[in-house]
Amino acid sequence: QVQLVESGGGLVQAGGSLRLSCAASARTFSSYAMGWFRQAPGKEREFVAAISWSGGSTVSADSVKGRFTISRDNAKNTVYLQMNSLKPEDTAVYYCAAGSPSIATMQSRYPYWGQGTQVTVSS
């Protein structure tokens, strides 16, 4: 069982930056791939970025490439999402998730989810 707690969300102006953190309870954190997903009002939850168990491989959605960076610190059981050049369309609840060791973009590959943190980008 893995418990995930996101933090770092908030209100920011367009063009600004935020860094989200996701702290995991599992002592086996380093064996999980980690992902970030988001859900905007009235829309389905969508993939944002993912990182392999070692941190050696990452993948991100086209909509955030060049602006968002996912990273992890296995010594701290924490995964991060650095978000730069934020746009109003990035407004959503952001969720972190833990899954199989190999990197994945599909939500079904992630059995463990946090409760989410709100990110609001004003224009």
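The structure under discussion appears in the preceding block.
Calculation criteria
For every chain, the first residue of its written sequence is number 1, and the numbers climb from 1 along that sequence. Whole-chain, interface and lining totals are the exception, using all residues; otherwise, since this is a predicted model, local features are given only for residues with pLDDT of at least 70 and side-chain atom pairs are given and counted only at 80 or more. No hydrogens and no water enter the side-chain calculation; it runs on all heavy atoms of the structure. Think of it in three bands: with a 1.4 Å probe and only protein chains considered, a residue is buried below 20% of the maximum accessible area for its type, exposed above 50%, and partly exposed in between. Note on conventions: DSSP H or I runs of at least 4 residues are helices, E runs of at least 2 residues are strands, and numbering of each starts at the N terminus. A pair of strands is considered paired only if DSSP assigns at least 2 bridges between the two.

Asks: Describe in detail the pairing of strand β4 (residues 33-39), supporting the description with residues and values.
Replies: In terms of burial, β4 is a largely internal element, six of the seven residues being buried. Two elements, β4 and strand β9 (residues 92-99), share seven bridges in a ladder whose sense is antiparallel. Bridged to Gly35 within β9 is Ala97. Pairing geometry for β4 and strand β5 (residues 46-51), over five bridges, is antiparallel. Counted as the bridge partner of Arg38 is Glu46 from β5. The turn joining β4 and β5, which pair antiparallel and follow one another in sequence, is formed by six residues; a positive phi near 75° is taken by Gly42.

Asks: Please set out unusual backbone geometry residue by residue, giving values where relevant.
Replies: If you check the backbone angles, Asn77 has positive phi at about 55° while not being a glycine. Judged by its relative accessible area of 18%, Asn77 is buried. In the Ramachandran plot, Ser85 falls in the positive-phi region, its phi being about 50° despite a non-glycine side chain. When you line up the elements, Ser85 lands in the loop between β8 (78-83) and β9. The exposure class assigned to Ser85 is partly exposed, which follows from its relative accessible area of 40%.

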